[in-house]
Amino acid sequence: MSLEKKLFNAGVVGAGGAGFPTHIKAKCKVEFVLVNGAECEPLIHKDYELMVNFAPEVLSGVKLMAEQTSAKKVFFGIKTKNSSAIDSIKNNIDSSKIEICSLGDFYPAGDEYELVYAATKRLIPPRGLPLDVGCVVNNVETFFNIANAVNDKPVTHKFVSVAGCVKKHSSFFVPIGTSFKELLEFAGGTSLQEYGIFVSGILMGRLTFDLSETVTKTTSGIISLPIDHYLVKRMHRQNNEMNRIGKSACDQCSYCTEFCPRYLLGYDVQPHKVMRSLAFTKTGEDVWNKYADLCCACGLCSLYSCPEDLYPREACNQGKEYLRKAGQKYEQQKPVKVHPIKDGRRVPLKQLMKKFDILKYETKTPLVNNFPEPSNVKILLKQHVGNLAKSIVKVGDKVQVGDLIADIESNKLGAKIHASISGTISHVSDEFINITK
Ligand code: SF4
Ligand code: SF4
């Protein structure tokens, strides 16, 4: 059976981002395969643990993808500071095709556009894909899952880090559908009465207070922070409040644009102009929102660059939504050209953590085994880019780990979903399936 078919059958999707189905990437022919081991979100270190502890498995997936796509070279992106991960990968490389691409400790070193440029000096066209410049990029955990898929092992578990205000910072495999409550408990719990949880990162993740939410194929980890922490209070604001503050306080200094990593790479993203949409309300939307279209929502402008603590990222998100609803797309006319000051404006991760007042939580999240199997899992049917998977089970059915429980038509974009524990189907809806042990 082809690798593409095996990946489709195993439900492999990008484990480090939005969950793009990996079998689609396996159809392509490219020059370069890029392994994204940059892991640039603060406090989460699960990819580091994977590289240190599972290098042969990760590299096996890398080689399979390189063969499948006929790539002539593989660049393995790892931060120089992660020397143990570099050593572990280097010690297991047995192909001259694979080369380490050392990355600085900057945010967002793991952005696809940044990584492709760092490894190949190629610039993805505006609104384009790595494929447009002969590259396929996957996160290290995706390669780990590719190696499993070849052995007919579907994606049933997720590797996550638990960090922030917990007693045992750690990384471990959990069945997909495990609740955040169980993750926190396994990490020794928290001494806090009230806290917020950042899911999959502080900058590009989201904030929740709901411990019954569950792990999906794209959850990198959870970070708990006190409810009165600056970041929790800030991220908890509603759009209308952010907009009201933005309207009155933005002085158009343009720092948000000057530090924007996409702008510095040469893309026409200008958040300070998007902020004018707020100031000029109805008359501004058509004029200024186009400068949001190529924003990757990295969050640097809102959380780091703006001296007024405003919300240009959120304004860009609204701007993109406005364009989408209006059926408009911004076509960048000028050529993509890296800004000459780009290297001088990179943002060190340590600097970010200082600003966020989270340096005190920074520590390794070592691999821990034996996460106890939950008695119930809630498995979402949309954990990936594309169409919702459709349940093929009904309440009362008995399933074993790895059984297919939700399917996707082979001609549609999406991913199959498998049982993550053995047990009985206890709930089926359009949104999720519960399995009870
Ligand atoms: S950095 Fe802040 S104040 Fe300056 S233009 Fe951007 S949003 Fe406005
Ligand atoms: S979130 Fe802000 S800094 Fe990041 S790409 Fe968008 S506009 Fe640029």
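Report follows, based on the coordinates. (Residues numbered from 1 in each chain as written. Chains lettered and ligands numbered in written order. Predicted model: local features only at pLDDT ≥ 70, side-chain atom pairs only at ≥ 80, totals over all residues. Heavy atoms only, no water.)

All right, on to the overall build of the chain then. Secondary structure summary: the chain contains 17 helices and 18 strands in total. Relative to a compact globule of 437 residues, whose C-alpha radius of gyration would be 22 Å, the chain shows 22 Å and is just as compact. With the principal axes as the frame, the chain shows a C-alpha extent of 60 × 50 × 45 Å. Across the 437 residues in the chain, those meeting the buried criterion constitute 56%. Computed over 56 positive and 46 negative side-chain charges, the inter-centroid distance for the chain is 2 Å. (Helix = DSSP H or I, 4+ residues; strand = E, 2+ residues; numbered from the N terminus. Rg over C-alpha atoms; globule rule 2.2 N^0.38 Å. Buried < 20%, exposed > 50% of the residue type's maximum accessible area, 1.4 Å probe, protein only. Lys, Arg positive; Asp, Glu negative; His and termini not counted. Charge placed at Lys NZ, Arg CZ, Asp CG, Glu CD.)

Moving on to the pairing of strand β15 (residues 404-407). When strand β13 (residues 390-391) meets β15, the two strands line up antiparallel, connected through 2 bridges. In the strand pairing of β15, Lys390 is matched with Asp407. In the sheet, β15 pairs with strand β16 (residues 417-418) via 2 bridges, with the strands oriented antiparallel. In the sheet register, Ala406 faces β16, and the bridge partner there is Ile417. (Pairing = 2+ DSSP bridges.)

Secondary-structure assignment places Asn138 in strand β5 (residues 135-139). Accessibility expressed as a relative area gives 3% for Asn138, which makes it buried. Ignoring anything within four residues of it in the chain, the contact list for Asn138 reads Thr22, Lys25, Leu34, Val35, Asn36, Met65, Phe143 and Ile146. (Contact = heavy atoms within 4.5 Å.)

Right, let's talk about the site of ligand 1 for a bit. Taken together, the neighbourhood of ligand 1 is formed by 14 residues, with Cys250, Cys253, Ser254, Cys256 and Cys306 sitting nearest. Contributions of two or more residues to the shell around ligand 1 are made by α11 (255-258) and α13 (271-279). Considering only residue class, the shell around ligand 1 consists of 9 nonpolar, 3 polar and 2 charged. (Near = heavy atom within 4 Å. Nonpolar A, V, L, I, M, F, W, Y, C, P; charged D, E, K, R; others polar.)

Here the focus is the pattern of salt bridges. A full pass over the atoms with the stated rule returns 28 salt bridges. A salt bridge links Arg127 to Asp293, with the shortest nitrogen-to-oxygen separation between them at 2.5 Å. With Arg127 in the loop between α6 (112-120) and β5 and Asp293 in the loop between α14 (281-288) and α15 (300-305), this pair connects stretches of sequence that are 166 residues apart. Arg127 sits in the partly exposed class, given a relative accessible area of 32%. With a closest N to O distance of 3.1 Å, Asp397 and Lys394 form a salt bridge. Looking at Lys394, the relative accessible area reads 54%, which means it is exposed. (Salt bridge = Lys/Arg side-chain N within 4 Å of Asp/Glu carboxyl O.)

Turning our attention to the site of ligand 2. Around ligand 2, the surrounding shell consists of Cys260, Pro261, Val269, Pro271, Cys295, Cys296, Ala297, Cys298, Gly299, Cys301, Arg313 and Cys316. Looking at the shell around ligand 2, its residues break down into 10 nonpolar, 1 polar and 1 charged.

Time to look at helix α5 (residues 83-92). The set of residues buried in α5 consists of Ala85, Ile86, Ser88 and Ile89. Projected down its long axis, α5 shows its buried positions confined to an angular sector of 165°, all on one face. Summarising the contacts, the buried residues of α5 are in contact with α3 (46-53), α4 (55-69), β2 (73-79) and β3 (98-103). (Arc of directions from axis to C-beta.)

Within strand β8 (residues 195-199), 5 of the 5 residues are buried, which leaves the element mostly enclosed by the surrounding structure. The side-chain alternation of β8 yields two buried faces, one formed by Tyr195, Ile197 and Val199 and the other by Gly196 and Phe198. Summarising the sheet, β8 and strand β10 (residues 221-226) pair through 5 bridges and their orientation is antiparallel. When the sheet's bridge partners are listed, Val199 is paired in β10 with Ile222. For β8 and strand β9 (residues 206-208), the ladder comprises 3 bridges, and the chain directions are antiparallel. The residue of β9 that forms the bridge with Phe198 is Leu207. Once β8 ends, the chain turns through 6 residues before running back antiparallel as β9, passing Ser200 with a positive phi of about 65°.

If you walk through the whole model with that rule in mind, you get 11 aromatic pairs. Judged by centre distance (5.1 Å) and plane angle (70°), the ring pair of Tyr113 and Tyr267 falls under edge-to-face. Residue Tyr113 is located in helix α6, and its partner Tyr267 is located in the loop between α12 (261-265) and α13; the two are separated by 154 residues in the primary sequence. Classification of Tyr267 as buried rests on a relative accessible area of 2%. Ring plane angle 85° and centroid distance 4.7 Å describe the contact between Phe172 and Phe186, whose orientation is recorded as edge-to-face. One end of the pair, Phe172, is in strand β7 (residues 170-175); the other, Phe186, is in helix α8 (residues 180-186), and 14 residues separate them in sequence. (Phe/Tyr/Trp six-rings, centres within 6.5 Å; stacked < 30°, edge-to-face > 60°.)

What follows concerns the state of the cysteines. As enumerated under the stated definition, the model contains 0 disulfides in all. Cys28 carries a free sulfur, and the closest cysteine sulfur to it, the one in Cys135, is 11 Å from it. (Disulfide = S-S within 2.5 Å.)

As summarised here, the arrangement of the 4 strands in space is β3-β2-β1-β5, forming an open sheet in which the pairing is parallel. The sheet is open, and its two edges are formed by β3 and β5, each paired on a single side. The average angle at which neighbouring strand axes cross in this sheet is 25°, direction not considered. As defined by bridge partners, strand β1 (residues 32-37) adjoins β2 across 6 bridges and the pair is classed as parallel. Each residue of the ladder has a partner; that of Leu34, found in β2, is Phe75. Packing against the sheet, α4 makes contact with β1, β2, β3 and β5, and its axis sits at approximately 145° to β2. The strands that α5 touches are β2 and β3; relative to β2, the one it contacts most, it runs at about 155°. (Axes fitted to C-alpha atoms, helices over the stretch in contact; angles between N-to-C directions.)

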